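Descriptive analysis of the structure
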Amino acid sequence: MRAVFGLGNPGPRYADTRHNAGFRVIDTLRGRWRAAPDADAPEYRAWRARRGEADVALVQPFTFMNRSGEALEAWRGRHELEPQELLVVVDDVYLPVGSLRMRTEGSSGGHRGLESIERTLPGPGFARLRVGVGAARDAAELREHVLEGFADEAERDAFEAAVERAALAVESWLDEGILAAMNRFNRSIGVEEETQS
């Protein structure tokens, strides 16, 4: 079993916000793979698909971002999963809109959802895929920034392209392994480059 957790906040209020990059990647994958609904719980929504030889779970925590670990804990209460079989997809304000960064492990970088996941697992040894959503003007505006939509059409277009590339990166992680996925997808594509291409 492999699992992809896309972090975000549930409900229509948050659907189009920067913080819901992980949810958007899961939605893209479940549509592309025609994933079947799996057993839900109050803490999450889940789908199941077959990718090559692997059973893959696609999961959206419904506990809100800062408590994402509770959803992972609830899901792992029903399923066997080692940390190295997990990929967590999150937004990242330190990457330009449109950029991706996949890592085998690492720190949370101050991301509350990742911090919550790390508290649930016995260490930081799980893969993570960060989707760039652009920086706030200053630290005081960070919370509002991630809970807002995109500033203009160029930003939105770059983000939508990043969601599609992130879905491809997840598929590469499953099919080729994380090092191949990192080599293919860890490059910066910001708003300016996206609009010039």
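Residues numbered from 1 in each chain as written. Predicted model: local features only at pLDDT ≥ 70, side-chain atom pairs only at ≥ 80, totals over all residues. Heavy atoms only, no water.

A look at helix α5 (residues 153-176)
Since the α-helix advances by 3.6 residues per turn, residues separated by three or four positions end up pointing in the same direction. The criterion, for reference: Helix and strand definitions here come from DSSP, where helices need a minimum of 4 consecutive H or I residues and strands a minimum of 2 consecutive E residues; each element is numbered from the N-terminal end. How far a helix is expected to stretch is found by multiplying one less than its residue total by 1.5 Å.
Helix length check: α5 (24 residues) gives 34 Å between terminal C-alpha atoms against 34 Å at 1.5 Å per residue, within 8%. Once α5 ends, the next one or two residues include Gly 177, with phi positive near 100 degrees.

A word on the sheet that holds strand β3 (residues 44-51)
Put simply, the test is: Two strands qualify as a pair provided DSSP detects at least 2 bridges between them. Whether two residues are in contact is decided by their heavy atoms, any of which lying within 4.5 Å being enough. The convention used is that axes are lines fitted to C-alpha atoms, helices contributing only their stretch in contact, and that angles between N-to-C directions extend from 0 to 180 degrees.
Ordered by their spatial adjacency, seven strands build an open sheet running β2-β3-β4-β1-β5-β7-β6, and the pairing between neighbours is mixed. The sheet is open, and its two borders are formed by β2 (36-37) and β6 (100-103), each paired with just one other strand. The strands touched by helix α6 (residues 178-185) are β6 and β7 (127-132); relative to β6, the strand with the most contacts, the crossing angle is about 160 degrees.

A few points about the pairing of β6
Put simply, the test is: Note on classification: 1.4 Å probe, protein chains only; a residue is buried when its accessible area is under 20% of the maximum for its type, exposed when over 50%, partly exposed between these limits.
Only one face of β6 is buried, namely the one carrying Leu 100 and Met 102, since none of Arg 101 and Arg 103 on the opposite face is buried. When β6 meets β7, the two strands line up antiparallel, connected through four bridges. Residue pairing in the sheet places Arg 101 in a bridge with Arg 130 of β7.

Here's the deal with the nonpolar core
Note the following rule: Take the buried residues of types Ala, Val, Leu, Ile, Met, Phe, Trp, Tyr and Cys, join any two whose side-chain atoms come within 4.5 Å, and each joined set is a nonpolar core.
If you look at the biggest cluster of nonpolar residues, it comprises 36 residues, and the most contacted ones within it are Val 4, Leu 58, Met 102, Leu 129, Val 131, Val 170 and Trp 173. For this core, the elements supplying multiple residues, two or more each, are α1 (21-33), β3, β4 (54-61), β5 (86-92), β6, β7, α5 and α6. Not counting the four nearest positions on each side in its chain, Val 131 is found in contact with Ala 21, Val 89, Val 90, Asp 91, Asp 92, Ser 99, Leu 100, Phe 159, Ala 162 and Ala 166. Tyr 44, Ala 46, Ala 57 and Leu 81 belong to the second-largest nonpolar core, a separate cluster that totals 20 residues.

Regarding helix α3 (residues 112-120)
Selection criterion: Starting at the helix axis, one direction is taken to each C-beta atom, and the arc is that of these directions.
Within α3, the full set of buried residues consists of Gly 113, Leu 114, Ser 116 and Ile 117. Projected onto a plane normal to the axis of α3, the buried residues spread over an arc of 160 degrees and lie on a single side. Turned more than 90 degrees away from the buried face of α3, the exposed residues are Arg 112 and Arg 119. Looking at the buried positions of α3, the neighbouring elements they touch are α2 (68-76), β5 and β7.

As for the packing of α5 against α6
Helix-helix packing is characterised by the crossing angle of the two axes and by the distance between the axes. As a reminder, the rule being used: Put simply, angles under 35 degrees are roughly parallel, angles over 145 are roughly antiparallel, angles from 65 to 115 are roughly perpendicular, and the rest are oblique. By definition, any crossing whose near helix is turned counterclockwise from its far helix by less than a right angle is left-handed, and any crossing with a clockwise turn is right-handed. When residue character is reported, Ala, Val, Leu, Ile, Met, Phe, Trp, Tyr, Cys and Pro are called nonpolar, Asp, Glu, Lys and Arg charged, and the others, Gly included, polar.
Where α5 meets α6, the closest approach of the two axes is 7 Å, and the angle between their N-to-C directions is 150 degrees. On the basis of the axis angle, α5 is roughly antiparallel to α6. At the point where α5 passes α6, the crossing takes the right-handed sense. Touching Arg 165, Leu 168, Ala 169, Ser 172, Trp 173 and Glu 176 of α5 are Ile 178, Ala 180, Ala 181, Arg 184 and Phe 185, all from α6. Per-class residue counts for the contact of α5 with α6 are seven nonpolar, one polar and three charged.

A short note on the pattern of salt bridges
Condition: Salt bridges are defined as contacts in which a side-chain nitrogen from Lys or Arg sits within 4 Å of a carboxyl oxygen from Asp or Glu.
Per the stated rule, a full pass over the model turns up 15 salt bridges. Between Asp 38 and Arg 48 there is a salt bridge, with the nearest N and O atoms lying 3.2 Å from each other. With a gap of ten residues between them, Asp 38 in the loop between β2 and β3 and Arg 48 in strand β3 connect regions that are remote in the sequence. Judged by relative accessible area, which is 28%, Arg 48 ranks as partly exposed. Salt bridges here are not isolated pairs; linked through shared partners, they connect Arg 32, Arg 51, Glu 164, Glu 171 and Asp 175.

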